[in-house]
Amino acid sequence: MKPIVELFLTFFKIGLFTFGGGYAMISVVEDQCVERKKWITQEEMVQMTVLAESTPGPVAINAATYVGFQRAGLSGAAAATLGVVLPSFGVIFLISQFLEGFLEIPLIASAFQGIKLGVGVLIFRTGLQMALKAKMGPLAKGIFLASFLAMLAAGLFSLPVSSVALLVLAGILGFSVYWAKGAAK
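Every chain's residues receive numbers from 1 upward, in the order its sequence appears when written. For this predicted model, a pLDDT threshold of at least 70 governs which residues receive local features, and a threshold of 80 or more governs which side-chain atom pairs are given and counted, while totals over whole chains, interfaces and linings are taken from all residues. Heavy atoms throughout the structure, all of them, feed into the side-chain values; hydrogens and water do not.

This brings us to the overall build of the protein. Helix and strand assignments follow DSSP, with helices taken as H or I runs no shorter than four residues and strands as E runs no shorter than two, numbered in order from the N terminus. Assigned secondary structure in the protein consists of seven helices and zero strands. The N-to-C order of helical and strand elements in the protein reads α-α-α-α-α-α-α. Each principal axis of the C-alpha distribution contributes one length, and for the protein these read about 65 × 45 × 25 Å. Only protein chains enter the accessibility calculation, which uses a 1.4 Å probe. A residue is then buried if its area is under 20% of the maximum for its type, exposed if over 50%, and partly exposed in between. Every one of the 185 residues in the protein was classed for burial, and the buried ones make up 26%. By the convention used here, residues are in contact when the closest approach between their heavy atoms is within 4.5 Å. For the protein, contacts bridging at least 24 residues in sequence account for 56% of all contacts bridging at least 6. Neither His nor the chain termini are counted; the positive set is Lys and Arg, and the negative set is Asp and Glu. In this description, the location of a charge corresponds to atom NZ of lysine, CZ of arginine, CG of aspartate or CD of glutamate. Charged side chains of the protein number 13 positive and 9 negative; the gap between the two group centres comes to 10 Å.

Encoded structure:
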């Protein structure tokens, strides 16, 4: 029962104190589950992130479910998932019930602008850490760098570039190289 409670409390804390959604939470999940608690390895963290992004549903929930399942099976998956979901659900429920025009309050609007900047830094840090720790060849590094620069340019210059289109293009390119290497053998 102890691992189940520990999973719930860890992911409840992650859900309670991390703003910005799943991508911002990945850095905190890595810190808690790889660095501090050693529940999963760095390689499993990279695999979990890819899996969480490529399956339907929010990234943070998929990540919590994966770690919970790895640690304590189906009960662990349920505990971690519930832990990461409850804080957001509770905050949104309270805001919707008691505060009309919550985001129109100048102080709250300013706070959320600052939070958006912090979330951007968290997401960048997570991506950079994963890129540095991942075992990538020159082609994979090139695809990563090109995708990153395309998304950065799109964000800075408000260009209509779809991140989904970039992911699909990178997947096609990676598959093509994989197929070409196999055909060459």
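There is more to say after this.
A few words now on the packing of helix α6 (residues 138–156) against helix α7 (residues 163–184). Note on definitions: angles span 0 to 180 degrees between N-to-C directions of axes, and those axes are lines fitted to C-alpha atoms, for helices only across the stretch in contact. For the pair α6 and α7, the least separation of the axes is 11 Å and the interaxial angle reads 165 degrees. For the element pair α6 / α7, the angle class is roughly antiparallel. As α6 runs across α7, the sense of the crossing is right-handed. Here α6 contributes L139, I143, S147, A150 and M151 to the contact with α7, which in turn contributes S163, L166, A170, L173, G174 and V177. Polar here means any residue outside two lists: the nonpolar Ala, Val, Leu, Ile, Met, Phe, Trp, Tyr, Cys and Pro, and the charged Asp, Glu, Lys and Arg; Gly therefore counts as polar. Partitioned by chemical class, the residues of the contact of α6 with α7 number eight nonpolar, three polar and no charged. Should an angle lie under 35 degrees it is considered roughly parallel, over 145 roughly antiparallel, and from 65 to 115 roughly perpendicular; all remaining angles are considered oblique. Take the far helix as your reference; a near helix turned counterclockwise from it by less than a right angle gives a left-handed crossing, and one turned clockwise gives a right-handed crossing.

What follows is about the nonpolar core. Counting 22 residues, the largest nonpolar core has F11, V29, C33, M45, M48 and V67 as its most contacted members. The dominant element in this core, judged by the number of residues it contributes, is helix α4 (residues 59–98), at eight residues. Those residues in contact with M48 that lie beyond four places of it in its chain are V29, A63 and Y66. Take the buried residues of types Ala, Val, Leu, Ile, Met, Phe, Trp, Tyr and Cys, join any two whose side-chain atoms come within 4.5 Å, and each joined set is a nonpolar core.

Oppositely charged side chains are able to pair whenever their charged atoms sit close together. Any carboxyl oxygen of Asp or Glu within 4 Å of a side-chain nitrogen of Lys or Arg constitutes a salt bridge here. Within this structure, the stated rule accounts for three salt bridges. For E6, the salt bridge identified is with K37, shortest N-O distance 3.7 Å. Of this pair, E6 sits in helix α1 (residues 2–17) while K37 sits in the loop between α2 (22–36) and α3 (42–54), placing them 31 residues apart in sequence. For R36, the salt bridge identified is with D31, shortest N-O distance 2.8 Å.

Quick look at unusual backbone geometry now. Phi is positive for K38, close to 55 degrees, though the residue is something other than glycine. Tracing the chain through its elements places K38 in the loop between α2 and α3. On the basis of relative accessibility, which here comes to 60%, the residue K38 falls in the exposed class. Within the chain, S158 stands out as a residue other than glycine whose phi angle is a positive 50 degrees. Within the fold, S158 resides in the loop between α6 and α7. For S158, a relative accessible area of 64% translates into the label exposed.

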